[in-house]
Amino acid sequence: MPTRDQPTSRPATAASDTYSFLGPAGTFTEAALAQVPEAAGKPWRSVNNVGEALDDVVSGRSVAAMIAIENSVEGGVSATQDALANVPNLRIIGEYLVPVNFVFVARRGTTLADVKVVNAHPVAYAQCHLWLDAVLPSHGHIPATSNVTAAASLFESGLADAAIAPPNITKHHDLVVLAEDIGDNPSAVTRFVLVSRTVPTPAATGADKTSLIAELPDDRAGALLEMLEQFATRGVNMSLLESRPIGDALGRYRFVIDLDGHILDERVADALLGLKRFSPNVTFLGSYPRADRIRVEVTGRYGDDAFVDARDWLRGLIAGESD
Ligand SMILES: O=C(O)C(=O)C[C@]1(C(=O)O)C=C[C@@H](O)C=C1
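Criteria and cut-off values
Residues numbered from 1 in each chain as written. Predicted model: local features only at pLDDT ≥ 70, side-chain atom pairs only at ≥ 80, totals over all residues. Heavy atoms only, no water. Core = buried A, V, L, I, M, F, W, Y, C linked by side-chain atoms within 4.5 Å. Buried < 20%, exposed > 50% of the residue type's maximum accessible area, 1.4 Å probe, protein only. Helix = DSSP H or I, 4+ residues; strand = E, 2+ residues; numbered from the N terminus. Domains from an automatic or database assignment. Contact = heavy atoms within 4.5 Å. Buried area = accessible area lost by both parts, 1.4 Å probe. Salt bridge = Lys/Arg side-chain N within 4 Å of Asp/Glu carboxyl O. Polar contact = N/O pair within 3.5 Å; in protein donor to acceptor, adjacent residues only side chain to side chain. Expected span 1.5 Å × (residues − 1). Patch = residues over 30% accessible without salt bridge, like charges linked within 9 Å, V, L, I, M, F, W, Y side chains within 5 Å. Areas by Shrake-Rupley, 256 points an atom, 1.4 Å probe, with all protein chains shown as cover. UniProt positions renumbered as here; feature names shortened; annotations may be inferred. Pairing = 2+ DSSP bridges. Axes fitted to C-alpha atoms, helices over the stretch in contact; angles between N-to-C directions. Near = heavy atom within 4 Å.

Visitor: Help me understand the nonpolar core in this model?
Guide: Note that soluble globular proteins tend to have their nonpolar side chains buried in a common cluster. Core analysis: the biggest nonpolar cluster contains 32 residues, and Leu33, Phe104, Leu132 and Ile164 have the highest contact counts within it. Tallying contributions element by element places helix H1 (residues 28-33) first for this core, with three residues. When residues are assigned to domains, this core turns out to be shared by domain 1 (15-99 + 188-197) and domain 2 (103-179), each giving three or more. In this structure, Ala65, Leu84, Leu90 and Leu285 belong to the second largest nonpolar core, which totals 19 residues.

Visitor: Got a minute to help me understand the domain arrangement of the protein chain in this structure?
Guide: How big an interface is tends to be stated in terms of accessible area lost as the parts join. Assigned domains of the protein chain: these are domain 1 (15-99 + 188-197), domain 2 (103-179) and domain 3 (208-309). Between the C-alpha centres of domain 1 and domain 2 the distance comes to 24 Å. Facing the 13 residues of domain 1 at the interface are 13 residues of domain 2. Area buried by domain 1 at its contact with domain 2 is led by Gly26, Phe28 and Glu74, which between them contribute 39% of it. Scanning the region where domain 1 abuts domain 2 turns up zero salt bridges. Between the two partners, domain 1 and domain 2, sit two residue pairs in polar contact (both at pLDDT 80 or more).

Visitor: In this structure, what is going on with helix H9 (residues 304-319)? I would like to understand it.
Guide: The α-helix advances 3.6 residues per turn, and as a result positions three or four apart in sequence lie on the same side. For H9, with 16 residues, the first-to-last C-alpha span of 23 Å sits near the 22 Å given by 1.5 Å per residue. Of the residues one or two after H9, Gly320 is the one with positive phi, at around 90°.

Visitor: Mind showing me how you'd approach the environment of Arg254 here?
Guide: Along the chain, the position of Arg254 falls in strand S14 (residues 253-260). Distance in space between the C-alpha atoms of Arg254 and Glu215 is 4.6 Å, their sequence separation being 39 residues. Residues within four places of Arg254 in sequence aside, it is in contact with Asp82, Ala85, Asn86, Ile213, Ala214, Glu215, Glu242, Ser243, Arg244, Pro245 and Ile246.

Visitor: Help me out: how do you make sense of a nonpolar patch on the surface in this one?
Guide: Together, Trp313, Leu314, Leu317 and Ile318 make up an exposed nonpolar region whose accessible area comes to about 440 Å². Examined against the element boundaries, Ile318 turns out to sit in helix H9.

Visitor: Looking at this structure, I do not really get the UniProt feature "site: Essential for prephenate dehydratase activity" (unreviewed entry) in the protein chain. What am I missing?
Guide: UniProt marks Thr190 with the feature "site: Essential for prephenate dehydratase activity" (unreviewed entry), using the numbering shown here. Looking at the secondary structure, you find Thr190 in strand S11 (residues 189-197). For Thr190, a relative accessible area of 7% corresponds to the buried category. Polar side-chain contacts of Thr190 include one of 2.9 Å to the side chain of Asn71.

Visitor: Before we go on, may I ask you to explain the sheet that holds strand S6 (residues 103-106) in this structure?
Guide: Note on sheets: strands pair through backbone hydrogen bonds, and any given pair is parallel or antiparallel. Taken together, the five strands give an open sheet; going across it, the order is S8-S7-S9-S6-S10, and neighbouring strands pair in mixed fashion. A strand with exactly one partner marks an edge of an open sheet, and here the two such strands are strand S8 (140-143) and strand S10 (176-179). Neighbour-to-neighbour, the strand axes of the sheet open up by a mean angle of 35°, direction not taken into account. Sheet analysis places strand S7 (residues 117-120) next to strand S9 (residues 162-165), joined by two bridges and oriented parallel. Counterpart to Asn119 in the pairing with S9 is Ala163. In the packing of helix H6 (residues 147-156) onto the sheet, contacts are made with S6, S7 and S9, and the angle to S9 comes to roughly 155°.

Visitor: What exactly am I supposed to notice about unusual backbone geometry here?
Guide: It is generally the case that most residues other than glycine have a negative phi and that most peptide bonds are trans. At the junction of Gly23 and Pro24, the peptide bond is cis and its omega measures out at 0° in the coordinates. Among the secondary structure elements, Pro24 is positioned in the loop between strand S1 (19-22) and H1. At Asn89, a residue that is not glycine, the phi angle is positive and equals roughly 65°. Counting through the fold element by element, Asn89 comes out in the loop between helix H3 (78-86) and strand S5 (90-99). Phi at Asp181 takes a positive value of approximately 50°, unusual for a residue other than glycine. Within the secondary structure, Asp181 sits in the loop between S10 and S11. Residue class for Asp181 comes out exposed when judged on its relative accessible area of 59%.

Visitor: Help me understand the site of the ligand in this model?
Guide: Neighbouring the ligand are 14 residues, the closest being Phe28, Thr29, Gln127, Asn147 and Thr190. Between the ligand and Gln127, the relevant distance is 2.9 Å, taken from an oxygen atom to a side-chain nitrogen or oxygen of the residue. The side chain of Asn147 places a nitrogen or oxygen atom 2.7 Å from an oxygen atom of the ligand. About the coverage of the ligand: the protein hides 98% of its 370 Å² of free accessible area.

Visitor: Honestly, the sheet that holds strand S12 (residues 208-215) in this entry has me stumped. Any pointers?
Guide: Spatially, S13-S14-S12-S15 is the arrangement adopted by the four strands of the open sheet, whose pairing is antiparallel. Since the sheet does not close on itself, it has two edges, and those belong to strand S13 (238-245) and strand S15 (282-289), each with one partner. Between one strand axis and the next, the sheet turns by 15° as a mean value, whatever way the strands run. In terms of strand pairing, S12 meets S15 through seven bridges, oriented antiparallel.

So this is what it looks like as structure tokens:
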């Protein structure tokens, strides 16, 4: 298992150009980082969890970190959502999609009938319930820090008999594949984000997303609806809305929100001003190009021109011009 001072893929020479990822080599997170042109040829640092990855970014040890944020089967990665809510001065600068499927591996000589305990990353484990329930209904589970660590641990601890791992695991470890394609959904996808320290917002591309975390003002009827109205009345579509406990008391939640559009789009900027007036705590996580590069279409009254026209009209009224 890699440690802070044991980078796997390539040596970390200069902090300012190093990229952190959940390792070791062979993870889906590494596959996501391989999609980043700027990271090619730069040092990559393997870490054990999201907290360590973000700590690398905050301390300047790395220029950016790749972290899993959402899976199409399991939903939001809560460790990531909570870390982004609690660590200040971070920005999401890119979004990447990786199709995920899993194999079931064991040490040579092991058969399915021998398996009593399974080592697996919790997010991977949650995506393989149907197969596990059908084939190994009474198995035990030991959580691992990543899919590849789960497989590697079969050589170390002796506690688990088999592991859930990415299909390419046999390139990295001498293990036998007991079953293939064990994921509940064959078209499962994990969404990753590249996170840096706060940077000036990049220009809009027309195919952008904006990520936020917001809290509701107080415990009163309609507060959530009022928050959602900030977006609805400006024609801003939400592609993600998830609640996470704030943690200080029962019943207190923050909301993780993805919007279609860029902070430089007039309708998104106007919605953010409304949200800021309404919410006691808003974290802007960034505006960045969508992984699918699908352009965000807006109708007339929500287009930039409509907002500019309305502002000019107001300015004219204040200046005493005739309407
Ligand atoms: O990158 C990996 O391979 C991981 O083990 C992490 C992770 C995750 O954190 O969600 C990534 C993708 C899969 O959905 C399951 C696990």
